[in-house]
Structures are given as structure tokens and as C-alpha cells.
Amino acid sequence: MKIAIVGLGYVGLPLSLQFARAGVTVLGLDIDQEKVEALNQCRSYIAHIAAEAIADQVQTGGFTASTDFGRVSEMEAVIICVPTPLNKNREPDISFILETGRSIAPHLQKGALVSLESTTYPGTTDGELRGVLEAGSGLKAGVDFHLAFSPEREDPANPESKVATIPKVVGGLTPACLERATALYGRAVKTIVPVSSCRVAEATKLLENIFRSVNIAMINELKVVYQAMGIDVWEVIQAARTKPFGFMPFYPGPGLGGHCIPIDPFYLTWKAREFGQTTRFVELAGEINTAMPQYVIHRTVDALNASRKAMNGSRVLVLGLAYKPNVDDERESPSYVLLNLLEERGADVAYYDPYVPVIRPTREHPHWAGTRSVSWDRPTLVSYDAVIIATNHQVVNYQELADWATCIVDTRNAMVQIKTKPGQVWKA
């Protein structure tokens, strides 16, 4: 069986490798020539994906990468894994999905399957994507080709998270589409969860991420309230999680990051307005989480003030640019917001992240492109008036941080087990 997977990022690449391991011949398609060349040379550009894993499949012919979308004509199925960001007005941007649809449509063969994995609002697959596929191919979805939606479920850097063992939700345009998609994913994934439609599958992904967004917002709000009361929210969470039923721990932070949780809820709130519905609970969670970087800055100001220092003119280091520990993925990272806010307040800012040695160009924060991580040594750390722990990478030596830094603002409870000096650590 030969399939194409479009978009060779944090979702498409591991999915490609898993299908190849399962004996499917995979063509990875991407518009980024550098990515394609790296993969064909067995080089990885994602920290938690080993080059050896790529080489295993490239050298056996199970996987190859290309920029030639014309090769879709050779494929029995096409899986789309492209970005779905928000535009400057915080509205859904499905342009990457639609451009991909237009690129593959002229080459789509009768009987082929197209499956979308990119997170989006209900109705995208059987609406907008279906429209561009039919217009560009002259074929009819559900009659001449199969159409499905199956949301990605990636958890980078989690050693327990494997593509093969994460249950796969699948919804099809028709029963035949569902059957075909179920058969395809069943070749690479152990457990398939079929649902009644593409829209149910799309809504499932939104529910998963809104669930996290809302609960993280609640904990972030409690963090601020408990701080005012002199109560450590981290200690409260540790105590509460001993309850064996009716409780699931969520943890506070400097804001939300990653491609999913900060973005996906807005896909639902935008679509809900089309049906005359409001999503007040979801939007409130978004407001709380979005306000967290401001709270961290306020705590940093308090910490500096305690040493009779002003934010304006102080040297502040943000520790961790990636949005979560032990990965190189900095998409939507709140660290960017922290850097911006610090700079706006006159601070001399820098960052340290062993996984992100240099900031790559981004749509949201282009002016930081090319900025390099500072080195990790005593002279460097001593030179900063405050260090904000935004991401708690395991490879960081936090005892060295305590020994070298004069003031630490800890948003991740990273210093809880570290020997520190009185008044040195401020939780935020």
C-alpha cells in the first residue's frame, strides 16, 4: 500500500514513520525543501525524533520525502497534517488546509482516500475541504473518492506516548468512507475508535483540548487567589491529588503554549457564533490563561522591587523558550509573550534554552528570529538581576541556578526540592 502524508512537522513526521514501520510505503510531502532534503539524508529537525528512526525507514524504502504533489496520483490515500493557526483577529485560519486540498485535487485518483488530521472546527472536512477537492478533481466525495477526519493526538517528549498505541478516532463522510479510513489507520494503530461523522470527530478533538484549557485556567486563577492568601497552590494540588476519585491534577504556568490548547478553543467559539451560540465558559478560560504572562511580569516587578531595583534597566533572563519541558517546540510559547512584555518595560532581556539554541522565524514573533540562547555558566547567570523559569527542562541544573542567580521567579515549581537562599525564589 502506498500513501502520502502532507506536512512533515510534529504530527506528520511521527505518523509517517509509524505507517512505514507497519509496512506501508509512505511519501512525505512538504513545501519546505530544507525539511525534505534533511529527511532524505536521514537527518532529524525535531529533538524527540531520533535520526536513526528516520534512517531505518528511508534506507529500507519505506519512507521518502518530496515537494512534488504530482505524485499524489500514485497514492491510495492522502493524509493531511498541516497547521491551523489563528489570524491576527484570533479567527481560524484554515488556508493551509485549503491550499493543500487545491494542490492534491488535480492528482487525486478514483477510489482514493483523503483524511484530514489538522485540528479545526466542525464542518471543515465535509464543507470547505470537500469543496476544493471536488472542484479541483472533478470527482465527488463519497462516490468517487473517500473523505474522512481523524484528529491527531501527539504528546511530544512523553515516552509513554506512541503513535501505535494511542487510540485513533475516525469519522467518515459516508459509511464506506469510514470503513476505508478505519482499515487504513488500523494498519498502523492498534485501537480505532469509529464515530458517526467527520463533524463528530472534529468536535472530539476540540473537546479534548478545551477540557485542558478550562481546567488549566481554573488552576491558574486559583494560583493567583491562593498567592494573595499566602497559600502555595502546588502544595494544595499535591494534597488534592491523593483523592482516589473525582479529581484530576492540572498545573499552573506562565500561560498556554503549543499548537493546540491556546488555539483550538477559539475554533469552537468562532464557529458557535454562526449558530447563534455563545461559549462564555470557554472564552473566560481563554482570558484567564492569556492574562498569565502579565501576572508573571507583576511578580517579577515585586521581586526586583524587594532588592530596590526597577524593571526598567534590569537584566532579566527567561529560562525556557519551548512551550513544554524537554522538547524543541516553541509554537505559541508564553515565553515569547514574556520576552515582549519585559522588553516593553525597559528590561534588557535574553533567554536560555538548550533545545532552542537559536530562534527560528515565526509568524507571530518575527523580530526575535535569529536571537541566540545565552550560555549556561556562572558569569552569565550572575550578570542577570532576575531569572524567570518559564519551562522546567529536566536537563537544566537547578542547583547551579540557585547557586548563581540572585533572584529567581519560578512559574513551574522547579525549585521546590532545591536548596535556595531566603527570599531568593518568588513563585508566579
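Described below are features of the structure shown in this document. Not measured: the values here are computed from a predicted model.

## Examining the packing of helix 7 (residues 198-229) against helix 9 (residues 264-274)
Between helix 7 and helix 9, the least distance of the axes is 8 Å, while the angle of their chain directions is 115°. One finds that helix 7 runs roughly perpendicular with respect to helix 9. For the element pair helix 7 and helix 9, the recorded crossing hand is left-handed. Of the residues in helix 9, those in contact with Lys205, Leu206, Asn209, Ile210 and Ser213 of helix 7 are Asp264, Pro265, Tyr267 and Leu268. When the residues that make up the contact of helix 7 with helix 9 are grouped by side-chain class, the tally is five nonpolar, two polar and two charged.

## A look at the environment of Asp348
With respect to the secondary-structure elements, Asp348 resides in strand 10 (residues 348-352). Between the C-alpha atom of Asp348 and that of Leu317, which follows or precedes it by 31 residues, the distance is 8.4 Å. If we ignore the near neighbours within four places in the chain, the residues touching Asp348 are Ser314, Arg315 and Val316. Only 3.1 Å separates the side chain of Asp348 from the side chain of Arg315, close enough to count as a polar contact.

## Quick notes on the sheet that holds strand 12 (residues 408-410)
Strand order across the open sheet formed by five strands is 10-9-11-12-13, with parallel pairing between neighbours. At either end of the open sheet lies a strand with only one pairing partner, and these are strand 10 and strand 13 (425-427). Within this sheet the neighbouring strands show an average axis-to-axis angle of 20°, counted without direction. Inspection of the sheet shows strand 12 paired to strand 13 by three bridges, in the parallel sense. Paired with Ile408 across the two strands is Val425, which belongs to strand 13.

## Some remarks on the sheet that holds strand 5 (residues 113-116)
Pairing is mixed in the open sheet, where eight strands are placed in the order 3-2-1-4-5-6-7-8. Only two strands of the sheet have a single partner each, and these edge strands are strand 3 (63-66) and strand 8 (192-195). Averaged over all adjacent pairs, the angle separating strand axes in this sheet is 25°, with direction ignored. For strand 6 (residues 146-149) and strand 7 (residues 168-172), the ladder comprises two bridges, and the chain directions are antiparallel. What sits directly across from Phe149, in strand 7, is Gly171. Contacting strand 4 (77-80), strand 5 and strand 6, helix 5 (residues 124-137) runs over the sheet at an angle of about 140° to strand 6.

## Focus on the pattern of salt bridges
Taken as a whole and judged by the stated rule, the model has 15 salt bridges. The salt bridge partner of Lys427 is Asp232, with a shortest N-O separation of 2.5 Å. One end of the pair, Lys427, is in strand 13; the other, Asp232, is in the loop between helix 7 and helix 8 (233-240), with 195 residues separating them in the sequence. Classification of Lys427 by relative accessible area gives partly exposed; the value is 23%.

## Overview of the layout of surface pockets
What the second largest pocket holds in volume is close to 560 Å³. What lines the second largest pocket is a set of 24 residues, among which Arg90, Pro262, Glu332, Val337 and Glu364 lie closest to the centre. Where the lining of the second largest pocket is concerned, the elements lending two or more residues are helix 9, helix 10 (280-306) and helix 11 (334-344). With four residues, the top contributor of residues to the lining of the second largest pocket is helix 10.

## Side note on the pairing of strand 9 (residues 315-319)
Most of strand 9 sits inside the fold, with four of its five residues counted as buried. As judged from the five bridges shared by strand 9 and strand 10, these two strands associate in the parallel manner. Within strand 10, the position partnered with Val316 by the bridge is Val349. What joins strand 9 to strand 10 is helix 11, and the crossover it makes is right-handed. Two strands pair when backbone bridges link them, and strand 9 and strand 11 (residues 386-389) are joined in this way by four bridges, in the parallel orientation. Counterpart to Val318 in the pairing with strand 11 is Ile388.

## Considering the packing of aromatic side chains
One pass over the structure, following the stated rule, counts seven aromatic pairs. Taking the centre distance of 5.5 Å and the plane angle of 70° together, the rings of Phe211 and Phe250 count as edge-to-face. Residue Phe211 is found in helix 7, and its partner Phe250 is found in the loop between helix 8 and helix 9; the two are separated by 39 residues along the sequence. Given a relative accessible area of 41%, Phe211 falls into the partly exposed group.

## Some words on helix 7
In this model helix 7 runs 47 Å from its N-terminal to its C-terminal C-alpha over 32 residues, within 8% of the 46 Å that 1.5 Å per residue would give. A positive phi of about 75° marks Gly230, the residue just after helix 7.

## Here we look at the environment of Asn397
With respect to the helices and strands, the residue Asn397 is situated in the loop between strand 11 and helix 13 (398-404). Considering only alpha carbons, one finds Asn397 and Val143, 254 residues apart in sequence, at a separation of 59 Å.

## Structural notes on the nonpolar core
In terms of nonpolar packing, the biggest core is built from 43 residues, with Ile104, Val114, Leu129, Leu133 and Phe145 touching the most fellow members. In terms of residue count, helix 7 provides more of this core than any other element does, six residues in total. The residues touching Ile104, leaving out its near neighbours within four places in the chain, are Phe69, Val72, Val78, Ile80, Val114 and Leu133. Listed in part, the 36 residues of the second largest apolar core include Ile5, Leu17, Phe19 and Leu178.

Rules used throughout
Residues numbered from 1 in each chain as written. Predicted model: local features only at pLDDT ≥ 70, side-chain atom pairs only at ≥ 80, totals over all residues. Heavy atoms only, no water. Axes fitted to C-alpha atoms, helices over the stretch in contact; angles between N-to-C directions. Helix = DSSP H or I, 4+ residues; strand = E, 2+ residues; numbered from the N terminus. Parallel < 35°, antiparallel > 145°, perpendicular 65-115°, else oblique. Left-handed = near helix turned anticlockwise from the far one by under 90°. Contact = heavy atoms within 4.5 Å. Nonpolar A, V, L, I, M, F, W, Y, C, P; charged D, E, K, R; others polar. Polar contact = N/O pair within 3.5 Å; in protein donor to acceptor, adjacent residues only side chain to side chain. Pairing = 2+ DSSP bridges. Salt bridge = Lys/Arg side-chain N within 4 Å of Asp/Glu carboxyl O. Buried < 20%, exposed > 50% of the residue type's maximum accessible area, 1.4 Å probe, protein only. 1 Å grid on protein atoms, 1.4 Å probe; cavity = no way out; pocket = protein on both sides within 12 Å on 5 of 7 lines; lining within 4 Å. Points joined across faces, edges and corners; volume = space filled by probe spheres on them. Right-handed = clockwise from strand over helix to strand, strands pointing away. Phe/Tyr/Trp six-rings, centres within 6.5 Å; stacked < 30°, edge-to-face > 60°. Expected span 1.5 Å × (residues − 1). Core = buried A, V, L, I, M, F, W, Y, C linked by side-chain atoms within 4.5 Å.

Nothing here speaks to function; it is geometry throughout.
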